[in-house]
Amino acid sequence: MRGATTGVRSRAPQVIAVYVFLMLLSVASFAPFVWLVMTSIKPEDEVFTRVFPSRIVWEHYVRGLTHFPFLLYLRNTLILCTANVIGTLISSSMVAYGLARVPWRGRHVLFAALLSTMMLPAQVTMVPLFAVFKWLGWIDTFLPLTVPAFLGNAFFIFLLRQFFLTLPGELSDAALLDGCSEFDIYRKVILPLAAPALATVALFVFLGTWNEFLGPLIYLYDADKFPLSLGLAMFTSQYGSFWGQLMAVSTVMTVPILVLFFLTQRTFIQGIAMSGIKG
Amino acid sequence: MMKGGRHLRSRGSARARRDFRTGLLFAMPWIIGFTVFVAYPIGASLYYSLCEFDGIRTPKWIGLANYRTMLLEDELFWRSLANTLYMVVIGLPIGMIVSLVIALLLNQRIRGMTFYRTLFYLPSITPIVATSILWLWLFNPQIGLINILLASIGVRDAPGWLTDPTWSKSALIIMGLWGAGGSMVIYLAALQDVPQALVEAAHLDGAGPIQAFRHVTVPMLSPVILFNLVMGLIGSFQYFTQAYVMTAGGPQDSTMFYALHLFNRAFLDFRMGYASAMAWALFIVTLACTAIVLRSSARWVYYAGEEA
């Protein structure tokens, strides 16, 4: 304890500088959120004239949510999120298993192809995919935004493969001796052990789908099918100067994500370490 | 490759054949996905780029005309490429340095590290459309928070930010810094993996904090720096949503980024052949930049496992 105190004292000016800097950064990080919420609860005539509201009103939420069909957009978003999470979990874990735990010729070539597709800009495949989905009659449906997830996502396959490689090979060998099929090993041995990694993938897919903008912009026309992201952008182009309402609706779109983050913080941090360091 | 035994299976060619079938079966979803969503579109996109194509009628072969138009006649192509390169060359390094510096600060064994980490991370998970609208409001030249604060510290003629072509890209970069927490946590996770013994050994050998940083911490971090650089590069070349929502490319095309120009040609004008040609140019530029970075990485990226 004594040693620690002297250590701190000798570094005191530096430590204080670090804390001051962190405080400033905290304010910079947090102030936009404060401004967001504060604008959304100001009386209409104070939005443009006062920094701090004289009283709190909810009219922007009431009006915003009547002009902006939040529940409908939320439902659409949740449908897309659920489909993408389920699809990615099943397909990506299967493919990752095949790449990591079955010794077959061709898996290295496939893995190299997988890595190289991550560098392909979405713009290259955008037009042909639009043509394909148009030909299939899938435009203005959720199918272009969900079906691809069921065929694996390169980044999450990569992530899960790295995780599966860290599990000891003896696990599979023992199960094989017990007469398990490869599919049994995948489902009953490996998947349960990979639960933390799968949780991370589920979380990132959920978040990614919640935020996804370009896909819905290209494939959805009917406003009743919009997810929150696209709905909010379209709302902005119509109600561009009603800042109180815009901030109210933006708050409503952001809060669920922040709540989700606080509920699942550990999975988040774990996943970041996993994706960052092993990448 | 494989940890532990696999000897149980590698015996005999019947086993090998069965493993091949099994492996193929497991990988099948992605093989189908790759064929339908990657391989075919790449081929089709190359073909469309040589055609006049509106997305519905049969593509009409016009040879290299799209590329000629793009390179020789379309001023917006060059403008949008320059704007995008601005984000890559200026925005990306600034973002990377800021997130690294914050990670280094948080790695000082300070009290409340997890609190700060959470606080700095939150902006990066805020939905991007919501972030864009919020910052549109913060950057409002007359009544936005930023210019109110600037006025309160005595700045007279504060910039018009998104309404001023000379400031618009800077505004977007500043907004990007708000989300720097995303890569900050990746750096922080890596920093916490740097063995403290190495840093202390450097101190014992007489290295000052800067030398220890430069010769111990940076090499240990270099794989993560490379990862963030490559991801950032690919992402910056596709910068789209913020510009679409906030500025629609204006003012005076100062935020007309490549991906936005391409999107407009494809889905506003339905010049899908032309958009495909633009996509190929983007692909080539992205690949070239990534290749340069990866090639240079042999000289500055250090992998701890390699020496063993």
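These numbers were taken from a predicted model, which means no experiment stands behind them. Sequence positions are assigned chain by chain, starting from 1 and proceeding in written order. Here the convention is simple: chains get letters from A, ligands get numbers from 1, in the order in which they are written. In view of the model being predicted, local features appear only for residues whose pLDDT reaches at least 70, and side-chain atom pairs are presented and counted only at 80 or more, with totals across whole chains, interfaces and linings using the full set of residues. Note that the side-chain values use all heavy atoms of the structure and ignore hydrogens as well as water.

Q: Could you give an account of the overall build of chain B, naming the residues involved and the relevant values?
A: Each helix corresponds to a stretch of at least 4 residues labelled H or I by DSSP, and each strand to a stretch of at least 2 residues labelled E; elements are numbered beginning at the N terminus. The helix and strand inventory of chain B stands at 14 helices and two strands. Structurally, chain B occupies a C-alpha span of about 75 × 65 × 30 Å along its principal axes. Across the 308 residues that make up chain B, the buried fraction comes to 52%. Any pair of residues with heavy atoms lying within 4.5 Å of one another is described as a contacting pair. Across chain B, the fraction of contacts at a sequence separation of at least 24, relative to all contacts at a separation of at least 6, is 65%. We get accessible surface area from the Shrake-Rupley algorithm with a probe of 1.4 Å; when it comes to residues, only the shown protein chains can shield them. Summed over its atoms, the accessible surface of chain B is roughly 14,900 Å², and 64% of this surface lies on carbon and sulfur atoms. His is not counted here, nor are the chain ends, while Lys and Arg score as positive and Asp and Glu score as negative. Each charge is placed at NZ for Lys, CZ for Arg, CG for Asp and CD for Glu. Here chain B contributes 22 positively and 15 negatively charged side chains, and the mean placements of these two sets differ by 13 Å. Partly exposed describes any residue whose relative accessible area lies between the buried limit of under 20% and the exposed limit of over 50%, with all areas from a 1.4 Å probe on protein chains only and scaled to the type maximum.

Q: Break down the packing of aromatic side chains for me, with residues and values.
A: Two aromatic rings from Phe, Tyr or Trp, using only the six-membered ring of Trp, form a pair when their centres are within 6.5 Å; if the ring planes differ by under 30 degrees the pair is stacked, by over 60 it is edge-to-face, and anything between is tilted. Taken as a whole and assessed by the stated rule, the structure comprises 42 aromatic pairs over all chains. Taking the centre distance of 5.5 Å and the plane angle of 65 degrees together, the rings of Phe115 of chain B and Tyr116 of chain B count as edge-to-face. On the basis of relative accessibility, which here comes to 7%, the residue Tyr116 of chain B falls in the buried class. Linked through ring pairs, Phe130, Phe133, Trp138, Phe213 and Tyr219 of chain A together with Phe37, Phe240, Tyr244, Phe263 and Phe267 of chain B together constitute an aromatic cluster. Over the ring of Phe111 of chain A we find Arg161 of chain A, and its NZ or CZ is 3.6 Å from the ring centre. Note on geometry: a ring has a charge over it if NZ (lysine) or CZ (arginine) is within 6 Å of the ring centre and within 35 degrees of the ring normal.

Q: Talk me through the domain arrangement of chain B; I want residue IDs and the actual numbers.
A: For interface size, the figure often reported is the accessible area lost on association. Just so you know, the domain bounds were taken from an automatic or database domain assignment. Under the domain assignment, chain B is made up of domain 1 (2-39) and domain 2 (74-300). Look at where the C-alpha atoms of domain 1 of chain B and domain 2 of chain B centre, and you get two points 39 Å apart.

Q: Now, about the nonpolar core: what can you tell me, with residues and values included?
A: Buried Ala, Val, Leu, Ile, Met, Phe, Trp, Tyr and Cys residues that are joined via side-chain atoms within 4.5 Å together make up what is termed a nonpolar core. If you look at the biggest cluster of nonpolar residues, it comprises 183 residues, and the most contacted ones within it are Phe164 of chain A together with Met70, Leu106, Ile125, Trp135 and Tyr258 of chain B. Ranked by the residues each element gives to this core, the list is headed by helix H4 (residues 70-101) of chain A, at 12 residues. Among all residues touching Tyr258 of chain B, those that are not within four sequence positions of it are Met70, Phe77, Ser80, Leu81, Thr84, Met278, Ala281 and Leu282 of chain B.

Q: Before we move on, can you summarise helix H5 (residues 107-117) of chain A with the specific residues and values?
A: Here H5 of chain A has its buried residues at Arg107, Leu110, Phe111, Leu114 and Thr117 of chain A. For H5 of chain A, the angular spread of the buried residues around the axis is 125 degrees, confining them to a single face. Among the structural elements, H4 and helix H8 (154-165) of chain A together with helix H2 (13-48) of chain B are those in contact with the buried residues of H5 of chain A. The arc in question is formed by the directions pointing from the helix axis toward the C-beta atoms.

Q: Can you explain the side chain of Thr22 of chain B? Please cite residues and give values.
A: By secondary structure assignment, the location of Thr22 of chain B is in helix H2. With a relative accessible area of 16%, Thr22 of chain B lands in the buried category. Polar contacts, as counted here, are pairs of nitrogen or oxygen atoms within 3.5 Å of one another; within protein the pair requires one atom able to donate a hydrogen and one able to accept it, and residues that are adjacent in sequence qualify only if both atoms are side-chain atoms. From its side chain, Thr22 of chain B meets the backbone oxygen of Arg18 of chain B in a polar contact 2.6 Å long. Leaving out residues up to four positions away in the same chain, Thr22 of chain B has contacts with Val102 and Glu182 of chain A.

Q: Give me the lowdown on the domain arrangement of chain A, citing residues and values where you can.
A: Residues and elements named next belong to chain A. Along its sequence, chain A is carved into domain 1 (2-40) and domain 2 (69-274). For domain 1 and domain 2, the distance between their C-alpha centroids amounts to 36 Å. Across the boundary between the two partners, domain 1 contributes five residues, which contact seven residues of domain 2. Per-residue buried area on domain 1 facing domain 2 is highest for Leu36, Thr39 and Ser40; these three make up 79% of the total on that side. A side-chain nitrogen of Lys or Arg and a carboxyl oxygen of Asp or Glu constitute a salt bridge if their distance falls within 4 Å. Counting across the interface, domain 1 meets domain 2 through zero salt bridges. The tally of links between domain 1 and domain 2 comes to zero residue pairs in polar contact (both at pLDDT 80 or more). Taken together, the residues of the side of domain 1 that touches domain 2 sort by class into three nonpolar, two polar and no charged. Two parts lose some accessible area (1.4 Å probe) when they are put together, and adding that loss for both gives the buried area. Residues are grouped as follows: nonpolar covers Ala, Val, Leu, Ile, Met, Phe, Trp, Tyr, Cys and Pro; charged covers Asp, Glu, Lys and Arg; every other residue, Gly included, is treated as polar.

Q: Lay out the confidence of the model for chain B in plain terms, naming residues and giving numbers.
A: Confidence of the predictor at the level of single residues is given by pLDDT, which spans 0 to 100. For chain B, mean pLDDT is 90; residues scoring 70 or higher make up 94% of the total. Segment residues 1-5 of chain B: pLDDT under 50, and 15 contacts once partners within four positions in sequence are set aside and those in other chains are kept.

Q: Quick rundown of the environment of Asp173 of chain A? Include the residues and the values.
A: Here Asp173 of chain A lies in helix H9 (residues 170-177). In this structure the C-alpha to C-alpha distance between Asp173 of chain A and Ser26 of chain A, which are 147 residues apart in sequence, comes to 51 Å.

Q: Run through the confidence of the model for chain A, naming residues and quoting values.
A: Residue and element names in this part refer to chain A. This prediction gives chain A a mean pLDDT of 88; 94% of its residues lie at or above 70. Ranking the helices and strands of chain A by mean pLDDT puts helix H7 (residues 143-146) first, with 97, and helix H1 (residues 2-10) last, with 46. Counting contacts from residues 1-9, a segment whose pLDDT is below 50, to residues more than four positions away or on other chains yields zero contacts.

Q: Would you mind going over unusual backbone geometry in detail, with residue names and values included?
A: Geometrically, the link from Gly250 of chain B to Pro251 of chain B is a cis peptide bond, its omega value of -10 degrees lying close to zero. Among the structural elements, Pro251 of chain B can be located in the loop between helix H12 (241-246) and helix H13 (258-267). Phi is positive for Asp140 of chain A, which is not a glycine, with a value near 65 degrees. Tracing the backbone shows Asp140 of chain A in the loop between helix H6 (122-136) and H7. Positive phi values are uncommon outside glycine, yet Ala248 of chain B reaches one of about 55 degrees. Assignment of secondary structure puts Ala248 of chain B in the loop between H12 and H13. Here Ala248 of chain B falls in the exposed class, since its relative accessible area comes to 55%.

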